[in-house]
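One-letter residues, chain by chain:
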Amino acid sequence: MKRRLFWKLCTTITVGTIVLFWIIHHLILQTEQHMSFIDQHYQQQLIDYASHAEKLYLQGEEEKLADWINTIQQREDTWVALIRSKLTPLAGSEMDNYFIDNFALGRDISWKIHLYFAQNPIMDITFSDGHTHFLIRLPQRMRPGGYWTYTSLLLQIALPMLLLAILSMVIYRHVMSPLRQLEKATKQFSDGNYQVRVRDDLGKRNDEIASLASTFDSMAERIGTQIQTQRHLTSDLSHELRTPLTRVELALSIAEQSNPNDESLQRIRHECLQMRELVEDALTLAWLENERPALRNETLDLTDLIDSIVENARFEFPRHLISVQTPETACLQQSSDRALGHAIENILRNALSYTPAEGEVNLTLKQHTDHYDLQIDDQGPGVPEDQLQNIFKPFFRLNSVESGKHKGFGVGLALARRQVESTGGKLWAQLHEKGGLRMIIHLPIPV
Ligand SMILES: Nc1ncnc2c1ncn2[C@@H]1O[C@H](COP(=O)(O)OP(=O)(O)OP(=O)(O)O)[C@@H](O)[C@H]1O
Ligand SMILES: [Mg+2]
């Protein structure tokens, strides 16, 4: 059936609304009925008033009877009277026995009282002679349904709200719980779990959401396979390149021994070094991407680590100024000296390569309560804002004139990010106010 979800929702809402109206209607009727009768205890009290009056009436105690009526009137703050009815049929009509037996001037005390009437009804307790009526306007305190206004508000407003909230919750859960599963799976997929699937977890469900889950599964299957293939390709290729590269380096060493000053050989050596670096970096990157290892088994001093990296960099880039602001010590537990050191080195090398000679690169390490922030600012051309994320993609290089001067492979930052992440940190890039690029390494301090 097409639009299954629509029909499901339509049916649930329709049935739910009908049931809701039925329940409310039924409850209001029942409650009103239940609240419309004079309490047994009050009924007995009215009967007692009438009995006493009847007794005095039968004894012929007119004065005492008048006093008694007066007393009740004052006690109950109401109207009381004793009235004799004399039924006189006119125009030749006849009296009916049923009519005579049930004739009353007011309401019987066992009858239902209308809760909506403003005036209290007049109750009639007929004496045993059948034509003397003890009449009393129902005292306010005996009037049933005192809480009817609140009860009806509760039944007409609060109860529908509650039932509608339950109905909404049922619908919401029906729609949202598979969507949440889908969201969870999407997050897991984006975190690198390419095996995650959703359709089977939705059971026998067969609606639009189930079809969305199937689409997600086939997308995950296709993209997951593509990513794995690509990673294995990078890893296999780098691995396969190692052996011939070693052979070339060996042959090169032999050739260098006989021609130590040959410029072409020096050039080949330089290219070999670069290629070795690329192969090793690509292998490490593929390993970090595939295995997602947690490199958190060392305790290190960030200040020492930065100092030793800066010392090497000053040697490599003697014409640049490198300024460093670090605390005296910056102890970091559960980290990796090698991974973090390699990442900082890569970032610093980029910063120095893109900063013109005589320019300055600044490293600032700040300690906060639960993390360290290492900021590396350079005076290079920076990166266009919309490319700030892309520079962390493997083999991505900008096509600008400045970037053209720097010949790298585009692996450095991708590797640096993975290395920082494997120690539990984060790495991102910003443009800073004075131009140039700012790299931030955020390293949480484990509790
Ligand atoms: N400090 C920087 N200033 C300007 N652009 C930068 C800077 N750092 C990186 N980039 C840009 O980001 C791209 C990717 O940097 P990444 O370090 O990954 O690669 P690379 O330096 O080109 O090569 P590799 O590091 O593999 O030798 C660079 O090619 C460059 O275009
Ligand atoms: Mg680089």
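Located above this text is the structure these notes cover.
Here's a quick rundown of the structure. (Residues numbered from 1 in each chain as written. Chains lettered and ligands numbered in written order. Predicted model: local features only at pLDDT ≥ 70, side-chain atom pairs only at ≥ 80, totals over all residues. Heavy atoms only, no water.)

1. What to know about a nonpolar patch on the surface
Okay, step 1: A grouping of W79, I83 and L105 is seen on the molecular surface, where their side chains present a nonpolar patch of about 250 Å² in accessible area.
Okay, step 2: Checked against the element boundaries, L105 lands in the loop between α4 (97-102) and β2 (122-126).
Okay, step 3: By relative accessible area, which is 41% here, L105 ends up partly exposed. (Patch = residues over 30% accessible without salt bridge, like charges linked within 9 Å, V, L, I, M, F, W, Y side chains within 5 Å. Areas by Shrake-Rupley, 256 points an atom, 1.4 Å probe, with all protein chains shown as cover. Salt bridge = Lys/Arg side-chain N within 4 Å of Asp/Glu carboxyl O. Helix = DSSP H or I, 4+ residues; strand = E, 2+ residues; numbered from the N terminus. Buried < 20%, exposed > 50% of the residue type's maximum accessible area, 1.4 Å probe, protein only.)

2. Focus: the sheet that holds strand β7 (residues 360-367)
Remark on secondary structure: sheet strands pair via backbone hydrogen bonds, oriented parallel or antiparallel.
Okay, step 1: If you walk across this open sheet you meet the five strands as β5-β7-β8-β10-β9, and the pairing is mixed. Each end of this open sheet is capped by a strand with a single partner; those strands are β5 (321-325) and β9 (426-431). Across the sheet, the axes of successive neighbouring strands diverge by a mean angle of 15°, strand direction being ignored.
Okay, step 2: In the sheet, strand β8 (residues 371-377) pairs with strand β10 (residues 437-444) via seven bridges, with the strands oriented antiparallel. Counterpart to L374 in the pairing with β10 is I441. (Pairing = 2+ DSSP bridges. Axes fitted to C-alpha atoms, helices over the stretch in contact; angles between N-to-C directions.)

3. A few points about the pairing of β2
Okay, step 1: Note: β2 against strand β3 (residues 132-137), five bridges, orientation antiparallel. Paired with T126 across the two strands is H133, which belongs to β3.
Okay, step 2: Linking β2 back to β3 in an antiparallel pair, the connection comprises five residues, with G130 at a positive phi of about 90°.

4. Digging into the pairing of β9
Okay, step 1: Two elements, β9 and β10, share six bridges in a ladder whose sense is antiparallel. Along β10, the bridge assignment pairs K426 with H442.
Okay, step 2: What sits between the antiparallel neighbours β9 and β10 is a turn of five residues, in which G435 has the positive phi angle 85°.

5. Regarding the packing of aromatic side chains
Okay, step 1: One pass over the structure, following the stated rule, counts seven aromatic pairs.
Okay, step 2: Summarising the aromatic geometry, the rings of Y57 and F127 are spaced 5.7 Å apart at their centres and angled 50° between planes, so their arrangement reads as tilted. Residue Y57 is found in helix α2 (residues 40-59), and its partner F127 is found in the loop between β2 and β3; the two are separated by 70 residues along the sequence.
Okay, step 3: Relative accessible area serves as the criterion here: at 3%, F127 is assigned to the buried category.
Okay, step 4: With centroids separated by 6.4 Å and ring planes inclined at 75°, the aromatic side chains of F189 and F216 adopt a geometry described as edge-to-face. Residue F189 is located in helix α5 (residues 148-190), and its partner F216 is located in helix α6 (residues 208-258); the two are separated by 27 residues in the primary sequence. Across this residue pair, the class does not change: F189 and F216 are buried.
Okay, step 5: Lying across the ring of F392, R417 places its NZ or CZ 3.9 Å from the centre. (Phe/Tyr/Trp six-rings, centres within 6.5 Å; stacked < 30°, edge-to-face > 60°. Lys NZ or Arg CZ within 6 Å of the ring centre and 35° of its normal.)

6. Some points on the site of ligand 1
Okay, step 1: Around ligand 1 lies a shell of 19 residues, among which N350, D378, G410, V411 and L413 are the nearest.
Okay, step 2: The backbone of V411 places a nitrogen or oxygen atom 2.8 Å from an oxygen atom of ligand 1.
Okay, step 3: Burial of ligand 1 by the protein chains amounts to 93% of its free accessible area of 590 Å².
Okay, step 4: Take the shell around ligand 1: its biggest share by element is three residues, from helix α9 (residues 337-354).
Okay, step 5: Here the shell around ligand 1 is built from residues that sort into ten nonpolar, seven polar and two charged. (Near = heavy atom within 4 Å. Polar contact = N/O pair within 3.5 Å; in protein donor to acceptor, adjacent residues only side chain to side chain. Nonpolar A, V, L, I, M, F, W, Y, C, P; charged D, E, K, R; others polar.)

7. Focus on the packing of helix α8 (residues 302-316) against α9
Okay, step 1: Contact pair α8 / α9: the axes reach a minimum separation of 10 Å and the direction vectors enclose 40°. Comparing the axis directions of α8 and α9 gives the class oblique. By crossing handedness, the relation of α8 to α9 is classed as right-handed. Facing α8, whose interface residues are L302, L305, I309, V310, A313 and E316, α9 presents D337, L340, G341, I344, E345, L348, R349 and L352.
Okay, step 2: Its residues assigned to classes, the contact of α8 with α9 shows nine nonpolar, one polar and four charged. (Parallel < 35°, antiparallel > 145°, perpendicular 65-115°, else oblique. Left-handed = near helix turned anticlockwise from the far one by under 90°. Contact = heavy atoms within 4.5 Å.)

8. Points about the side chain of Q419
Okay, step 1: As for its position among the elements, Q419 is in helix α11 (residues 412-422).
Okay, step 2: Residue classification places Q419 among the buried positions, given a relative accessible area of 4%.
Okay, step 3: When sequence neighbours within four positions are dropped, the list of residues in contact with Q419 reads T284, L288, A339, H342 and A343.

9. Concerning the environment of R438
Okay, step 1: Mapping R438 onto the fold places it in strand β10.
Okay, step 2: On a C-alpha basis, the gap between R438 and T355 in space is 12 Å, while along the polypeptide they are 83 residues apart.
Okay, step 3: Setting aside chain neighbours within four positions, we find R438 in contact with Q375, I376, D377, W428, A429, Q430, H432 and E433.
Okay, step 4: Within polar-contact distance, the side chain of R438 engages the side chain of D377 at 2.8 Å.

10. Describing the nonpolar core
Okay, step 1: Counting residues in hydrophobic clusters, the biggest one holds 38 residues, and the most contacted among them are L302, L348, I376 and M439.
Okay, step 2: Only α8, α9, β7, β8, α11, β9 and β10 provide two or more residues apiece to this core.
Okay, step 3: It is α9 that contributes the most residues to this core, seven residues altogether.
Okay, step 4: Ignoring anything within four residues of it in the chain, the contact list for I376 reads I344, I347, L348, A351, V361, N362, L363, L437, R438 and M439.
Okay, step 5: Among the nonpolar cores identified, the runner-up in size contains 20 residues, and I69, I72, F127 and M142 belong to it. (Core = buried A, V, L, I, M, F, W, Y, C linked by side-chain atoms within 4.5 Å.)

11. With respect to the sheet that holds β3
Okay, step 1: Judged by pairing direction, the sheet is antiparallel, and its three strands sit side by side in the order β1-β3-β2 without closing on themselves. Bordering the open sheet on either side are β1 (80-84) and β2, each of which pairs with just one other strand. Across the sheet, the mean angle separating the axes of adjacent strands is 25° when strand polarity is ignored.
Okay, step 2: Sheet strands in contact with α2 are β1, β2 and β3, and its direction is about 140° off that of β3.
Okay, step 3: Relative to β1, helix α3 (residues 62-76) is tilted by about 140°, and along the sheet it contacts β1 and β3.

12. Topic: α11
Okay, step 1: Along α11, ten of the eleven residues are buried, which leaves the element largely enclosed by surrounding structure.
Okay, step 2: Those residues of α11 that are buried are in contact with α7 (263-291), α9, β9 and β10.

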